[in-house]
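What the coordinates show
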Amino acid sequence: MNKAYILSISIKFILVFIGITLLAELGVRLFVTAPSNHIFDPEIGFRYRPYTELFLATEGFARNKVNALGINDDEYDPNKRLKKAIVIGDSYTEARQVDRQANFTSLAEQNLAAWDIINAGRDGLHILNTYEVAKRITKTVQADLIVLVMSNGDFIDDLSNSNIHLTLKGNELIDVGIKAEQKEHLKGYAEWLTQHSALAVQLIRQFKPIIVDTYINILAAFNHKRNEDANLENQALSSARHIVEKKEILDVLLTKLRAIAPVAILYINQIEYNSPNDAYPAKKPADTAAQMQEIAAKRKISFINTANYLIKQYYKNRQSPFGFMNNHILGGHLNENGHQAVALALSDLIRQVEQGENN
Amino acid sequence: MIFTSFTFVVFFVLLIGLLLISRNANYRIYVLLAASYIFYGWWNVKYLALICSVSVIGWLFGYLIAVETQKIKRKIYLICSITILLLSLSYFKYFNLFLEATNHLLNTNIPFMDIVLPVGISFFTFHTLSYIIDIYHNKIPACRSLAKFLLFVSFFPQLVAGPIVRASELLPQLDQTIRFKKENILAGCQLFLGGALQKVFIADNLSQFVDDVFLSPGIYTQSTLWLAVFAYGIQIFCDFAGYSLMAIGVAKFLGFNLPKNFDMPYCAKNITEFWRRWHISLSSWLRDYLYISLGGNRKGVVRTQVNMFITMLLGGLWHGASWNFVIWGGLHGIALGLNRLWHVFLSEKVKQAIGLKGYTLLSWGITLLFVNLLWIPFRSPNFETTALFFQRLFVANDGIQWFHTPTLIILLLVSMWHIMYQYRSSILVDFPVNAYKLNAYKNIFILLFAFYVLILFSPMNASPFIYFQF
């Protein structure tokens, strides 16, 4: 092989590569995902860049725009003389899988003429970060109510996270918090690329496990000393966590949130089926909903479990309230059908709060 | 180690490097042998002893049969070797079934043993058996080099899921010097990428839908179940054919030719043709070493039917010890017998009555439907699920409707692929395309296009190859 041949092949390769990469970029933007709109945030991991698109066609096929506050909601109008309910939670609340007008906060708003319901959900938001989100959003929005949307994962996984910082005074837990995880820093390195290329976002998503593992291993290899310190700190925290139950952590969070505004809890329960005529609330792991209800009752916080609403909706049209045609149908996020059910639950929850206030 | 993993890419690059620096032809054999054992040991290093023992037993008995002149002694060696090899295979595959049957019959309570089925055990046992039987029938000479024989049995591209390569096909190639040739490399890349597309893009995406539906068929509508039946038909074809194509591609890259294992089986117009196109290396193995040994079609109509039924029943049981595989194999055996009778007595009459085109279309439709319906027992975890699936498939029921969009798109693409093939599209029929026929732009385009499709549309959780379990 002579030099001229190698040069000619290289040029051809580069030309075809550029052409096909541009085609792939177009294809991904049309059918798969939008460029990233994440901005690294040391407190909550990331936040959305205002006025950007939320689009991920692996579950549903909806395109929504982030508003000026960086949330999946209509533009906030401070002149509306309505009561304000801020709904905070993770991807179930953000609901990027369905059109904004079909998500449960928009539908509930139609049911409650006196309320402006603000959807402050964000994909992957840790339950303890809801406090930080509430604090930030109430700088703009005078909240009359904070609705905390929780699911099994928030209670079981989020509250078991080893990165949770616990502040104890004697044996009493007085504060809880969580900072962005190590892997979130990774996003900062590729921010420019991912904000301009949907193809890069999708490639990174596909290789995420390899990239994250490699990054964490490299960090571990180069930060021996730091890791030793962190381990000691973690050991101290684990022993502290050992005596602190999840319920107590949640209790502290609720106290902090109530300092901002009154709080209500909406619990999203998955449903399962024995047969088409026998749907029931998923109970694995057991009694999460019951524990949540117990905490709410203790604090006299309004609480609604959506399970019965979702089952009723299923029997109404025999379609699963979770899942999408292009993903799993029995699990995953709420679809349009499920949002209708949860909207009813949210409406009832807010009415319950109103009644409580009146009493 | 699986072909579609990052580990395999690293492994293969290192292997090529080592082969390039090994100037001596014998060294290259040793390098390939070591690579094959590493490939296998990556799954479970303990079972290297098993594959090694099976190979050594095969080599020794092959040698004994070859040098022995007395017919009776040759036969004894043959029976001994077959018994040892089949006992080892049966222990891993069927011992717990045997215990279950014993408990059932004798009303005992012998606990099951914790037996892990070694990956590819059926394949390397069949390689060894065919070698010994071929020597016995004087079809091939015994292999003098133990290293070459160990490599024949363990040659990593075809080690864990076939194609089942006969000694007469691979051993002579091991005698030739391993050389990297441009046309082999390009053809190998095409075959590998074609296989990877079938496995990762088609089969893995379909498995997301198929797995859910087969897990609880009782809650879906009739139409969703029908979609799942055809989706599984395509999934298992692309999963297995994709793996075979990758295996053939890897071997081709290294300069070896492995036999074709699939030839568009869903284009078959009768069940006999289907089995000539599906898992060709196993079908022909069963035909040559089982069906013909039972007497084939030489002993009358009834005996032919019985032989076919036994062959397919054992073929079904080869996949695993369960009633579902008995049903699957048995019904295929009956269908093969009926097909034979049909062609003898009725085929021509029907052809005349409805015309050739109508007859062809009808035969193709019936074959496709039959094969796909029989995938239900093959895929279902147990007999109860099979029964429930069939019950709901033929009766309109309440349930959740799920038309999985990626599945619909893939079924459409696969249908187009088959239609194009029927019209003898040269790029499909002559695959791999002779790289010299394409200009550099086209070669690079095909390579990059396949690469992008693979990495963009593969599901996050790749499914294991279905045939690894057999």
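Conventions adopted
- Residues numbered from 1 in each chain as written.
- Chains lettered and ligands numbered in written order.
- Predicted model: local features only at pLDDT ≥ 70, side-chain atom pairs only at ≥ 80, totals over all residues.
- Heavy atoms only, no water.
- Buried < 20%, exposed > 50% of the residue type's maximum accessible area, 1.4 Å probe, protein only.
- Helix = DSSP H or I, 4+ residues; strand = E, 2+ residues; numbered from the N terminus.
- Pairing = 2+ DSSP bridges.
- Contact = heavy atoms within 4.5 Å.
- Buried area = accessible area lost by both parts, 1.4 Å probe.
- Salt bridge = Lys/Arg side-chain N within 4 Å of Asp/Glu carboxyl O.
- Polar contact = N/O pair within 3.5 Å; in protein donor to acceptor, adjacent residues only side chain to side chain.
- Nonpolar A, V, L, I, M, F, W, Y, C, P; charged D, E, K, R; others polar.
- Axes fitted to C-alpha atoms, helices over the stretch in contact; angles between N-to-C directions.
- Core = buried A, V, L, I, M, F, W, Y, C linked by side-chain atoms within 4.5 Å.

Moving on, we get to the pairing of strand S7 (residues 145-151) of chain A. Two faces, one strand: in a regular strand the side chains alternate between the faces of the sheet. Residue and element names in this part refer to chain A. The element S7 is extensively covered by neighbouring structure, given that 7 of its 7 residues are classed as buried. Burial of S7 is two-sided: the residues Leu145, Val147, Val149 and Ser151 facing one way and the residues Ile146, Leu148 and Met150 facing the other way are all buried. For strand S5 (residues 83-88) and S7, the ladder comprises 4 bridges, and the chain directions are parallel. Bridge pairing in S7 places valine 87 opposite valine 147.

Before going further, it helps to spend a moment on the interface of chain B and chain A. In this complex, chain B contributes 28 residues to the contact, which on the side of chain A involves 34 residues. When the two sides are added together, the surface that chain B and chain A hide from each other amounts to roughly 2700 Å², 72% of it contributed by carbon and sulfur. When the area that chain B buries against chain A is broken down by residue, the three leading residues are Ile400(B), Tyr452(B) and Leu456(B), summing to 23%. At the boundary of chain B with chain A, the tally comes to 0 salt bridges. On inspection of chain B and its partner chain A, the count reaches 8 residue pairs in polar contact (both at pLDDT 80 or more). Elements represented by at least two residues in the side of chain B that touches chain A include exactly helix H8 (182-215), helix H17 (405-422) and helix H19 (440-457) of chain B. For the side of chain B that touches chain A, the element with the most residues is H19(B), which contributes 10 residues. Here the side of chain B that touches chain A is built from residues that sort into 17 nonpolar, 7 polar and 4 charged.

With that settled, consider the sheet that holds strand S6 (residues 115-119) of chain A. Residues and elements named next belong to chain A. The strand order across the open sheet built from 5 strands is S6-S5-S7-S10-S13, with neighbouring strands paired in parallel fashion. Two strands bound the open sheet, and with one partner strand each, they are S6 and strand S13 (302-305). Taking the axes of each pair of neighbouring strands and ignoring which way they run, one obtains an average angle of 20 degrees across the sheet. Across the face of the sheet, helix H3 (residues 104-111) comes into contact with S5, S6, S7 and strand S10 (263-268) while running at roughly 180 degrees to S6. Along the sheet, helix H4 (residues 130-137) makes contact with S5 and S7, crossing S5 at roughly 150 degrees.

All right, on to the nonpolar core then. Ranked by size, the top nonpolar core spans 88 residues in total, and within it Leu266(A), Leu346(A), Tyr266(B) and Trp375(B) carry the most contacts. Per element, the largest residue contribution to this core is 12 residues, and it comes from helix H9 (residues 222-254) of chain B. Ignoring any residue separated from it by four or fewer positions in sequence, one finds Trp375(B) in contact with Tyr232(B), Gly233(B), Ile236(B), Tyr266(B), Phe274(B), Trp278(B) and Trp328(B). Residues Leu32(B), Val54(B), Ile65(B) and Ile248(B) belong to the second largest nonpolar core, which totals 83 residues.

We now examine unusual backbone geometry. All names here are of chain A. Despite not being glycine, tyrosine 51 has its phi angle at roughly 65 degrees, a positive value. Residue placement: tyrosine 51 occurs in the loop between strand S2 (45-48) and strand S3 (53-55). For tyrosine 51, a relative accessible area of 55% puts it in the exposed group.

A word on the side chain of Gln158(B). Residues and elements named next belong to chain B. By secondary structure assignment, the location of glutamine 158 is in the loop between helix H6 (146-154) and helix H7 (167-175). Looking at glutamine 158, its side chain comes within polar contact range of the side chain of histidine 127, at 2.8 Å. A polar contact is formed between the side chain of glutamine 158 and the backbone oxygen of phenylalanine 155, at a distance of 2.7 Å. Once you skip the residues sitting within four places of it in the chain, glutamine 158 turns out to touch His127, Phe152, Val153, Pro163, Val165 and Leu258.

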